[in-house]
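Each chain is listed here by its residues.
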Amino acid sequence: MTFNDILLQVGGVGRFQWVQFTLVVIPMLLLSSHNTAQNFTAAIPGHHCRPPPSANLSGDGTGAEELRAWLPQDEQGRPVSCRRFTAPQRGLHWSNDTWPNATGATEPCVDGWTYDHSTFPATIVTEWDLVCGHRALRQLGQSFFMSGVLIGASVFGNLADRLGRRKILIWTYLQTAVMGTCCAFSPNFSIYCALRFLTGVSLSGMALNCFTLNVEWMPIHTRATVGTLVGFAYSIGQFILAGCAYAVPHWRWLQFLISVPFFFFFLYSWLFVESARWQASTGRLDLTLQTLQKVAWINGKQEEGEKLNMEVLQIKLNKEINLGKSKYSALDLVRLPVLRGLFSCLSLIWFATSFAYYGLVMDLQYFGSNIYLTQVIFGIVDLPAKLIGFLVINYIGRRPAQMASLLLAGVSILVNMLVPKDWGIMRTSLAVLGKGCLGNSFNCVFLYTGELYPTVIRQTGLGMGSMMARVGSIMSPLVNMTGELYPALPSLIYGAVPIAGGTVTFFLPETLNMPLPESVEELKAR
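Keep in mind that what you see is a predicted model, and the values were worked out from it rather than measured.

In this section: the overall build of the chain. Along the chain, the regular secondary structure elements total 26 helices and four strands. When burial is assessed residue by residue, the chain has 56% of its 526 residues classed as buried. Partitioning the contacts of the chain with sequence separation of at least 6, the portion at a separation of at least 24 is 79%. With the model as given, the accessible surface of the chain reaches about 21900 Å², and the carbon-plus-sulfur share is 66%.

What follows is the structure, given as structure tokens:
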């Protein structure tokens, strides 16, 4: 008898599974908000140099003319962002390309900037003047956040295999609540970056253990459904972010709003039940028995639970007990040949998915003036994409779904290179298609990775995969710099990488309707 048979004996997908699944998934709604919150908290409003204090900016009608006299204008007649005249040029209009030859000398914004607060009352950009010469610092906050996710994937993935899924989830809820809330009160940009880093560390561990704890409590035939529902929760979180940002546009209150609920999640997380599969793999049959009987009681299968005892478990779970004698680390993913192939292919898939995904979603202002509508559209497209992905995953297989998602995303990005820039609707539609495919790829790779790695190293494998995804998200903004050499190069790279990821998927085995492997030896036998 396998562990899956015991799950069916104590209720299969019963009351316990759905209650715990719901409670574990609810925080995922705000996890996605944290991942892309910088689209709003670090939005760049319209801005121009502030005239010197000596300028006469009175409110009697002459102030506007005086302001224009200090500000060079671009070809559309708008004030340029990063230069001003050293002396007022009344009645003249200067464009960017005439600065070097203009009789009116210009200088940087030595007295700061004036911002358009009509859409965003305050962002980290307006609060700490992350514009012009300091514009690159804007991405630093997100880079620190993604670096934290990178570290958290490795650290918490390994700790979850040693300490259990439940303990890590409890800790990550508390860490996210404290660090995210403190981030809303950051006195300066340096502390803001440090707190974003620590928030990223905890959110990474939360995402990994949310998925694993749910999958390990579900029978084989429901795993794809679980993975898809978790993905839907992440997509719905993007709607929540758009609504919160629209209702609370000030960056500090928005950051506070998406962080405080984690204190509540921390309180109820003590009710979670640890994975009995993990307990058995560590050799703690006494805890495994208590847990299974508790679940049987909640599911209304108390009689079935009473049939279980230490002797029965020792016979039925002999394989899981033996797993506790073997200890594996992240180095074994490279050292053992049977794991090395999986690790190499899955690493590229994780990297490619995240690399292209964050290349599309982390600059919503590029797609139009209404950033809130764009956020909603990007969230909407995930729902049908993941529904189609679920059908493919559940009825055709994990490998075809993973391969098709990445290949189609790469092709849509490459085709976008050939579309004229004035075809805005077509370009946005192709970007939305690519984003939907990449969202589905994320959904699939979580499930696929968890099914490919054996129980003894599953969390470590998921952690290393997530770590490679974070490497991709950190490198993604840097690719835009290649546009200085050749404008089409960033799109070429963003399109080629997911195609490479989709190609290596061919070398992975199918896991549809297969029991989860428990040991490296079992994986090798397959």
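After that view, the rundown keeps rolling.
This paragraph deals with the packing of helix α7 (residues 136-163) against helix α24 (residues 458-479). Axis angle and axis distance: for two packed helices, these are the angle between their axes and the distance between the axes, and together they describe the pair. Interhelical geometry of α7 versus α24 gives an angle of 170° and a closest axis separation of 7 Å. Here α7 is positioned roughly antiparallel relative to α24, judged by the angle of their axes. In this structure, α7 uses Ser-143, Met-146, Ser-147, Val-149, Leu-150, Ala-153, Ser-154, Gly-157, Asn-158, Ala-160 and Asp-161 to contact α24, whose residues at the interface are Arg-458, Gln-459, Thr-460, Gly-463, Met-464, Ser-466, Met-467, Arg-470, Val-471, Ser-473 and Ile-474. Class assignment of the residues belonging to the contact of α7 with α24 gives a composition of nine nonpolar, 10 polar and three charged.

Together, Ile-151, Val-155, Leu-159 and Leu-163 make up a nonpolar patch on the protein surface, roughly 280 Å² of accessible area in all. Residue classification places Leu-159 among the partly exposed positions, given a relative accessible area of 30%.

In a structure, side chains of opposite charge can pair up when their charged atoms sit close to one another. Applying the stated criterion across every chain yields a total of three salt bridges. As a salt-bridge pair, Glu-216 and Arg-165 come within 2.8 Å of each other at their nearest N and O atoms. Here Arg-165 lies in helix α8 (residues 165-183) and Glu-216 lies in helix α9 (residues 189-216), a separation of 51 residues in the sequence. By relative accessible area, Glu-216 is classed as buried at 1%. The buried category is assigned to Arg-165, whose relative accessible area is 0%. Among the ionic pairs, Arg-398 bridges to Glu-451, the shortest N-O distance being 2.8 Å. With Arg-398 in helix α22 (residues 398-418) and Glu-451 in helix α23 (residues 424-452), this residue pair connects regions lying 53 residues apart in the sequence. Residue Glu-451 is classed as buried on the basis of its relative accessible area of 3%.

On to the packing of aromatic side chains. What the rule picks out here adds up to 24 aromatic pairs. Judged by centre distance (6.3 Å) and plane angle (75°), the ring pair of Tyr-173 and Phe-272 falls under edge-to-face. Here Tyr-173, found in helix α8, pairs with Phe-272, found in the loop between α12 (261-268) and α13 (276-281); they are 99 residues apart in sequence, far enough to count as distant. Exposure remark for Phe-272: the relative accessible area of 4% places this residue in the buried category. Ring geometry for Phe-189 and Tyr-192: centres 6.0 Å apart, planes at 20°, overall stacked. Of this pair, Phe-189 and Tyr-192 both sit in helix α9, three residues apart, roughly one helical turn.

For Arg-165, the side chain forms a polar contact with the main-chain oxygen of Ala-160, separated by 3.1 Å. At 2.8 Å, the side chain of Arg-165 forms a polar contact with the side chain of Glu-216.

A few words on helix α19 (residues 337-361). Taking 1.5 Å of rise per residue, the 25 residues of α19 would be expected to cover 36 Å, and the 36 Å separating its terminal C-alpha atoms lies within 8% of that figure. With respect to burial, α19 is a largely interior element, 18 of its 25 residues being buried.

On to the packing of α8 against α12, then. Two elements in contact, α8 and α12, have axes separated by 8 Å at closest approach and are oriented at 160°. In this view, α8 runs roughly antiparallel relative to α12, as classed from their interaxial angle. Handedness of the α8/α12 crossing: left-handed. Of the residues in α12, those touching α8 at Ile-170, Tyr-173, Leu-174, Thr-176, Ala-177, Val-178 and Thr-181 are Phe-262, Phe-263, Phe-265 and Phe-266. Residue composition of the contact of α8 with α12, by class: nine nonpolar, two polar and no charged.

If a residue is not glycine, its phi is most likely negative; likewise, a peptide bond is most likely trans. One non-glycine residue, Asp-129, lies in positive phi territory at about 50°. Tracing the sequence through the fold places Asp-129 in the loop between α6 (124-128) and α7.

Moving on, we come to helix α3 (residues 28-36). Extensive coverage of α3 is indicated by the burial of eight of its nine residues. Along α3, the positions that sit buried rather than exposed are Met-28, Leu-30, Leu-31, Ser-32, Ser-33, His-34, Asn-35 and Thr-36.

The next thing to look at is the confidence of the model for the chain. Residues with a pLDDT of 70 or more make up 88% of the chain, whose mean pLDDT is 81. Across the chain, the element-wise mean pLDDT spans from 62 in helix α17 (residues 318-323) up to 94 in α12. With pLDDT under 50 throughout, residues 93-102 is counted as low confidence; its partners more than four residues away or in other chains account for 20 contacts.

Conventions used here
Residues numbered from 1 in each chain as written. Predicted model: local features only at pLDDT ≥ 70, side-chain atom pairs only at ≥ 80, totals over all residues. Heavy atoms only, no water. Helix = DSSP H or I, 4+ residues; strand = E, 2+ residues; numbered from the N terminus. Buried < 20%, exposed > 50% of the residue type's maximum accessible area, 1.4 Å probe, protein only. Contact = heavy atoms within 4.5 Å. Areas by Shrake-Rupley, 256 points an atom, 1.4 Å probe, with all protein chains shown as cover. Axes fitted to C-alpha atoms, helices over the stretch in contact; angles between N-to-C directions. Parallel < 35°, antiparallel > 145°, perpendicular 65-115°, else oblique. Nonpolar A, V, L, I, M, F, W, Y, C, P; charged D, E, K, R; others polar. Patch = residues over 30% accessible without salt bridge, like charges linked within 9 Å, V, L, I, M, F, W, Y side chains within 5 Å. Salt bridge = Lys/Arg side-chain N within 4 Å of Asp/Glu carboxyl O. Phe/Tyr/Trp six-rings, centres within 6.5 Å; stacked < 30°, edge-to-face > 60°. Polar contact = N/O pair within 3.5 Å; in protein donor to acceptor, adjacent residues only side chain to side chain. Expected span 1.5 Å × (residues − 1). Left-handed = near helix turned anticlockwise from the far one by under 90°. pLDDT = per-residue confidence, 0-100.

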